[in-house]
Amino acid sequence: MGRHAGITGWGMYVPQRVVTNQELEALVHTTDAWILARTGIRERHIAADHETASSMAIAASREALERASLAPEALDLVIAATVTPERLFPATASVVQHALGANRAAAFDLNAACSGFVYALATAWQFIASGAYQNVLVVGSEVYSRILDWEDRATCVLFGDGAGAVLLQAQERPGLLSFVLGSDGGGADLLYVPGLGASPVERARQDGRYHLQMNGREVFRFAVSIMADVSRQAVAEAGLEMEHVELLIPHQANRRIILAAAKALGLAPERVLINVDRYGNTSAASIPIALCEAVQSGCLKRGDHAVLVGFGGGLSWGALALEWS
Ligand code: UT7
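Keep in mind that this is a model prediction, so the values were computed, not measured.

A. Geometry of the sheet that holds strand β7 (residues 161–171). Spatial strand order, β1-β7-β6-β4-β5: five strands in an open sheet with mixed pairing. If you trace the sheet from one side to the other, it starts and ends with β1 (4–13) and β5 (106–110), each paired once. Each strand of the sheet is rotated relative to its neighbour by a mean of 20°, with strand direction disregarded. Where strand β6 (residues 135–143) lies against β7, nine bridges are found, and the strand directions are antiparallel. When the bridges of β7 are listed, Val 143 appears paired with Asp 161. Packing of helix α5 (residues 116–129) onto the sheet brings it into contact with β1, β4 (77–81), β5, β6 and β7, and relative to β7 it is tilted by some 20°. Where helix α11 (residues 286–296) meets the sheet, it contacts β1 and β7, and its direction lies at approximately 95° from that of β1.

As structure tokens, this is what we get:
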């Protein structure tokens, strides 16, 4: 078996319940027109009470394994990218590993917020490139509905719940081609959720509530420039030109951010996957869900080159170029 790595299975899960912009009009002072114009979002899926990041991750992961016809016992490693686990520990990945029956696999969670899936995929690739492992499951799963302040119109309209998973396997031919990851903790206060270990001062400031806090305008500015920069870097590291990229699969935070980044890259809108209208921002799940839809809809075909690009809390960012095989 080679030390190259390729995606051989993919799966996704979203909760059944769909919440439209009109429904949010009844909750906060907002309008369907504002949400659609400023974000491109029409609706999002919201988890039922019994659903968690691990239950959704398990459903998406089962689909990915089935698609690749790989028995769970053959998995070497499970990496879960999530910042909304139902337990801080054990890792969501351990819950997924057990539920799948992946009894040989190691498991850990990775926290890079909305960049989590790209970070996790790049990490999985290194385990294969080193020769240590052959079969690695990477899953992004989030229930942001549980960390949102449903009285804050500036944030509660933006996010949704869901999970997406891929199986990465060792192969003879290159599949994944390059990755670029980055971090600027100087932007930590622009997008965060206080943790259980917050200082008493911070706890008092949060008034016992642990909700997502965001400076939307600053994150917007950062997102547009970093998405273009890091995509260019990943394409160059893969030895490609942007014109060779058939499909950009960006983190789905805001249609305006995606289109601005695409324009900066000289990519026509039809070469960019956008499904934020139906899911909102599902954080670490957004790129694998978009990847699943790209493959299912025939937007991503054998031999195509694609760039996955994410950004988010950290601040963090990452891009990964691949050839779909
Ligand atoms: O995964 C990464 C996560 N985060 C992001 O990607 C967020 C990046 N930022 C954004 O997507 C945008 O900044 C937002 C969608 C959050 C906001 O759009 P914007 O065009 O930057 O609007 P703004 O923050 O400049 O606000 C414009 C106005 C404000 O009113 P005033 O101060 O001009 O009177 C807001 O209070 O829109 C108001 N506003 C709303 N109005 C109706 C904010 N949220 C809403 C709302 N409905 N839901």
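B. View of the pattern of salt bridges. Evaluation of the coordinates by the stated rule reveals eight salt bridges. A salt bridge links Arg 205 to Glu 202, with the nearest nitrogen and oxygen atoms 3.0 Å apart. With a gap of three residues between them, Arg 205 and Glu 202 both fall in helix α7 (residues 200–206), about one helical turn apart. Overall, Arg 205 belongs to the exposed group, its relative accessible area being 57%. Lys 301 serves as the salt-bridge partner of Asp 304, at 3.8 Å between the closest nitrogen and oxygen.

C. Structural detail: the domain arrangement of the protein. We note that the domain assignment places domain 1 (4–173) and domain 2 (177–323) within the protein. Here the C-alpha centre of domain 2 lies 14 Å away from the C-alpha centre of domain 1. If you look at the interface, domain 1 gives 49 residues, while domain 2 gives 48 residues. Counting the surface lost from both domain 1 and domain 2, the interface buries some 3700 Å², and carbon and sulfur atoms represent 68% of this. It is Cys 114, Val 118 and Tyr 119 in domain 1 that bury the most area against domain 2; as a group they hold 17% of the surface buried on that side. In this structure, Glu 323 engages Arg 173 in a salt bridge whose closest nitrogen and oxygen atoms are separated by 2.8 Å. Here domain 1 and domain 2 share 19 residue pairs in polar contact (both at pLDDT 80 or more) between them. Mapped onto the side of domain 1 that touches domain 2, the elements with two or more residues apiece are β1, α2 (32–39), β3 (43–45), α5, β6, α6 (153–156) and β7. A per-element tally of the side of domain 1 that touches domain 2 places α5 first, with eight residues. Grouping the amino acids of the side of domain 1 that touches domain 2 by side-chain chemistry returns 27 nonpolar, 13 polar and nine charged.

D. Expanded view of the site of the ligand. Close to the ligand lie 23 residues; Thr 30, Arg 38, Arg 217, His 251 and Asn 254 are nearest. In the model, a nitrogen atom of the ligand is placed 2.6 Å from a nitrogen or oxygen of the Thr 30 side chain. A total of 950 Å² of accessible area belongs to the ligand in isolation, and the protein chains cover 76% of it. When contributions to the shell around the ligand are tallied by element, the ones reaching two or more residues are α2, α6, α8 (216–237) and α9 (255–264). Sort the elements by how many residues they give to the shell around the ligand and α8 lands first, with four residues. Its residues placed into classes, the shell around the ligand shows 12 nonpolar, seven polar and four charged. Split by domain, the shell around the ligand shows at least three residues from each of two domains, domain 1 (4–173) and domain 2 (177–323).

E. A look at the sheet that holds strand β11 (residues 247–250). Strand order in this open sheet of four strands is β8-β13-β12-β11, and the pairing throughout is mixed. With one partner strand each, in any of the chains shown, β8 (176–183) and β11 form the two edges of the open sheet. Strand-to-strand twist across the sheet, computed as the mean angle between neighbouring axes with direction ignored, equals 10°. For β8 and strand β13 (residues 316–323), the ladder comprises seven bridges, and the chain directions are antiparallel. Among the inter-strand pairings, Gly 182 is bridged to a residue of β13, identified as Trp 317. Taken strand by strand, α8 contacts β8, β11, β12 (305–312) and β13, and its axis lies near 145° from that of β12.

The rules behind these values
- Residues numbered from 1 in each chain as written.
- Predicted model: local features only at pLDDT ≥ 70, side-chain atom pairs only at ≥ 80, totals over all residues.
- Heavy atoms only, no water.
- Pairing = 2+ DSSP bridges.
- Helix = DSSP H or I, 4+ residues; strand = E, 2+ residues; numbered from the N terminus.
- Axes fitted to C-alpha atoms, helices over the stretch in contact; angles between N-to-C directions.
- Contact = heavy atoms within 4.5 Å.
- Salt bridge = Lys/Arg side-chain N within 4 Å of Asp/Glu carboxyl O.
- Buried < 20%, exposed > 50% of the residue type's maximum accessible area, 1.4 Å probe, protein only.
- Domains from an automatic or database assignment.
- Buried area = accessible area lost by both parts, 1.4 Å probe.
- Polar contact = N/O pair within 3.5 Å; in protein donor to acceptor, adjacent residues only side chain to side chain.
- Nonpolar A, V, L, I, M, F, W, Y, C, P; charged D, E, K, R; others polar.
- Near = heavy atom within 4 Å.
- Areas by Shrake-Rupley, 256 points an atom, 1.4 Å probe, with all protein chains shown as cover.

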